[in-house]
Amino acid sequence: MKRTLLYIHLILLALTSCQSEIPVPEQGDCYLELNLSRVGVAKRQTRAIDNDLALKILDNKGDVYIQYRAGSVPNKLVLSPGTFTIIAYTENQESWSKANEGRGEACYYGSCQVVMEFDQTTYANLQVPMTNYAVSLALPEYFHDFFPWYTFSLKSGFRQTTIKEGEKAYFDAEEGGFTYQLTATNTDQITHHTSAINYKKVDKGKCYQMTYYYGTDDNSGGLDIEIKDNMEDEDIEVPL
C-alpha cells in the first residue's frame, strides 16, 4: 500500500513538472495605423502622413504616452491595450501670428480617440482642420499702372498688419472678425481710399478674398469692393 502511494506521488510530481514547462501563450501586439492630413492642403496620395504635422498620443489619464516632431511621424505604431487620444497639429500653435513679418500663417490642430486591443490593428484617418482664417487681396487689371502706391490695412483684435496682392494675413476667428481699408495713390498723385469696414462673420478654415474693382459712375475715379470667401486651399511641396 505504501509502495502504491509512493508511485502515485511520483506520477503527480512528474505531471506538475511537465505542466510548469508548458509556455503560456503570449497575446498579440496592438497596432495603430495612421493617415494624417491637413484639410484643404494638397498632398501626395502615396504619403500617409503629412510632413508638416506633429503627433502626440495621450493615455486615458491625459498623460503623454508618445510624441513625434513634424516630419518624423511613422504611419504604424505599436501601443499598449487601452483608450488613447491622438492629437495631430502643426508646431506653430504659439507662433503662427508672428510669422511672415506679422502677417501670420495657417495653423492646424485636430484630435480623435482610439481603443486599442490585443492582436488587432486599429486604423485612424484624421483630417486636421485649420484653426484660424486668412484674408487675401485681389486688385483689378492694370491697377498697378494706374495706382503705383497703395496700402491694404487689416486689423483684428490687437493685431494690425498690411498685405500686398498675392499675400495673405491670418487671424484668430475668436477675435470676432476684422477691419479692412484700401488706400491708393494714382499717377497724378491723387489719393483714393475706402472707408474702414468691419467684416464680422468669419469662420475657421476660410480664406476671405477682398476683390476690388474700379468705381461706378456714382463713384467716378474711386474704388469699389467685392468680398469672396472660399475654403483655404494651398498647394504645398511634399518631399519624396
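Residues numbered from 1 in each chain as written. Predicted model: local features only at pLDDT ≥ 70, side-chain atom pairs only at ≥ 80, totals over all residues. Heavy atoms only, no water.

J.: Can you walk me through the overall build of the chain in this structure?
T.: A count of helices and strands for the chain gives two helices and 18 strands. Put simply, the chain has 240 residues, and 35% of those count as buried. Of the accessible surface of the chain, which amounts to about 14,900 Å², a share of 49% is contributed by carbon and sulfur atoms. (Helix = DSSP H or I, 4+ residues; strand = E, 2+ residues; numbered from the N terminus. Buried < 20%, exposed > 50% of the residue type's maximum accessible area, 1.4 Å probe, protein only. Areas by Shrake-Rupley, 256 points an atom, 1.4 Å probe, with all protein chains shown as cover.)

J.: Would you mind showing me how to read the pairing of strand β6 (residues 82–89) here?
T.: For a regular strand, side chains alternate in direction, first toward one face of the sheet and then toward the other. Bridging between strand β3 (residues 54–58) and β6 involves five bridges; their strand directions are antiparallel. Within β6, the position partnered with L55 by the bridge is A88. Sheet topology note: the β6/strand β7 (residues 109–116) ladder contains eight bridges and is antiparallel. Within β7, the residue paired with I87 across the bridge is S111. (Pairing = 2+ DSSP bridges.)

J.: I'm lost on the sheet that holds β7 in this one. Help?
T.: Judged by pairing direction, the sheet is antiparallel, and its four strands sit side by side in the order β4-β3-β6-β7 without closing on themselves. Each edge of the sheet is formed by a strand with only one pairing partner; in this case those strands are β4 (64–68) and β7. Averaged over all pairs of adjacent strands, the angle between strand axes in this sheet comes to 20°, irrespective of strand direction. Both β3 and β4 contribute to a ladder of four bridges, which runs antiparallel. From the neighbouring strand, I57 faces β4, where its bridge partner is I66. (Axes fitted to C-alpha atoms, helices over the stretch in contact; angles between N-to-C directions.)

J.: I'm lost on the environment of D50 in this one. Help?
T.: With respect to the element layout, D50 can be found in the loop between β2 (41–42) and β3. Classification of D50 as buried rests on a relative accessible area of 5%. Put simply, D50 and R38 are 12 residues apart on the chain and 7.1 Å apart in space, counted from C-alpha to C-alpha. Of the polar contacts made by the side chain of D50, one reaches the backbone nitrogen of D52; its length is 2.9 Å. (Polar contact = N/O pair within 3.5 Å; in protein donor to acceptor, adjacent residues only side chain to side chain.)

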